[in-house]
Amino acid sequence: MSDAPKRHLSTRVIHAGQHPDAATGAVSTPIYQTSTFAFTDADQGAARFSGADPGCKYTRLGNPTVAALEACVADLEGGCGALGAATGMAAVNAVYLALLGSGAHVVATDALYGPSRLVLETEYSRYGVSATFVDTTDLARVEAAMRPGTRMLYVESPSNPTLAVTDLEGCARIARAHGALMVVDNTFASPLLQRPLELGADLVVHSLTKFINGHTDVVAGMIVARDPQLLARLRKVHQTLGGTMDPHQAWLVLRGVKTLALRLARAQANAQTIAAWLEADPRVSWVRYPGLASHPQHELASRQMAGPGAVLSFGVEGGFPAAKRFIESLRLATLAVSLGGVETLVEHPASMTHAGLPRAEREAAGIRDDLVRLAVGCEDERDLLADLDQALTVAQHVPQPVTAR
Ligand SMILES: *Cc1c(COP(=O)(O)O)cnc(C)c1O
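Residues numbered from 1 in each chain as written. Predicted model: local features only at pLDDT ≥ 70, side-chain atom pairs only at ≥ 80, totals over all residues. Heavy atoms only, no water.

> Report on the site of the ligand, specifying residues and quantitative values.
In the region of the ligand, the neighbouring residues are Thr 87, Gly 88, Met 89, Tyr 113, Glu 156, Asp 185, Thr 187, Ser 207, Thr 209, Lys 210 and Ala 220. With respect to the ligand, the side chain of Ser 207 contributes an N or O atom lying 2.9 Å from an oxygen atom. A distance of 2.7 Å is found between an oxygen atom of the ligand and a side-chain nitrogen or oxygen belonging to Thr 209. Within the complex, the protein chains bury 92% of what would otherwise be the 380 Å² of accessible surface of the ligand. (Near = heavy atom within 4 Å. Polar contact = N/O pair within 3.5 Å; in protein donor to acceptor, adjacent residues only side chain to side chain. Areas by Shrake-Rupley, 256 points an atom, 1.4 Å probe, with all protein chains shown as cover.)

> Which residues make up the side chain of Arg 12, and what values go with them?
Inspection of the secondary structure assignment puts Arg 12 in helix 1 (residues 9-15). From its side chain, Arg 12 meets the backbone oxygen of Arg 7 in a polar contact 3.1 Å long. Residue contacts for Arg 12: discarding those within four places in its chain leaves Lys 6, Arg 7, Cys 72, Asp 75 and Leu 76. (Helix = DSSP H or I, 4+ residues; strand = E, 2+ residues; numbered from the N terminus. Contact = heavy atoms within 4.5 Å.)

> Report on the sheet that holds strand 10 (residues 334-335), specifying residues and quantitative values.
Taken together, the five strands give an open sheet; going across it, the order is 8-9-12-11-10, and neighbouring strands pair in mixed fashion. Taken across any chain shown, the strands that pair with only one partner, and hence form the sheet edges, are strand 8 (284-288) and strand 10. Bridge analysis of strand 10 against strand 11 (residues 345-347) gives two bridges, and the strand direction is parallel. Of the residues in strand 11, the one forming a bridge with Leu 335 is Val 346. The sheet strands contacting helix 10 (residues 260-279) are strand 8, strand 9 (311-316) and strand 12 (371-375), and the helix crosses strand 9 at an angle near 15°. Seen against the sheet, helix 12 (residues 319-329) touches strand 9, strand 10, strand 11 and strand 12 and runs at an angle of roughly 125° to strand 9. (Pairing = 2+ DSSP bridges. Axes fitted to C-alpha atoms, helices over the stretch in contact; angles between N-to-C directions.)

See below:
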């Protein structure tokens, strides 16, 4: 790292980790589409494997296109380095596998991304790992859940799809006091809105699939570490597990990340307008968005985040049947899971992304049956409002049963 003063994040998304190609001057980072790299002689091969020469060996162990993206995301998060992963879940699992073992205990946010919770409950439990899921917005509950064997505090903020905001600095203090590592899934905020490592977290995981790539055309993940020793441990496990990133995938995300600041600014402005509009509409029973004064952690979100993001959730008046009619009546917003792309997406967590959780656990985590999640994109807000308006009207129209004559 150079001593040059840090540029602003909206510049760094374009330039961090990315330099004209040394061999050709190519301004766009080339796609090094190769599985392996030739050595000039046996000594060079030996030096590369011993680590004395940091050059490339084999793409699972490192690739220049992937390295450019890793350097970019590490820079944005303020980490010492990063590891590209095939998907967000490959990143999450590399972290779990590297840091948990038989007898280890995890404390995690209850409203976690569905698979991040389910894999602990159904798979890691088979290897003697136990987990306690708590409402991490309440630090007293986090503290109460910590045990002598707690190795990891795993937090998602804002949470999906409840948009609950957790005090990351407070959680980092609790983790440190108990000798546990703190991991934050920063997918919903992106490093432009929230940098957990600066608040005391040890690791950040990302689904690059969402805001960082932003174009709904790639799945990918990333792990960012604050400390080089922890990064080295994770690298060893991740490279052996094999869920590493492909160079073409990395290049697509490099292309996407350059417009992250522009996309996020637009999507967030749209989300703020839509949230306020929904909140004032009698056809909507409730709205949850960190940018609204009615959000329970609005003040914390304003302090901890540079902006409230572009995802919101709300209830349609009339419960689940009305919510179903609503999402099926949208014409511009697309009925699909995922978020963070340029196109607005809508989904129903209770029947889709979080259907795998038992109803009681779902409701305890605040995922009500009437909850609709809106991942706001970059369209013109007038078109989005018109679409929501017409779909809400259809949702209120209760179909009359056909009476037999
Ligand atoms: C999508 C998502 C993941 C998983 O990422 P994939 O790229 O789909 O594997 C993890 N965490 C959060 C918060 C997500 O939204």
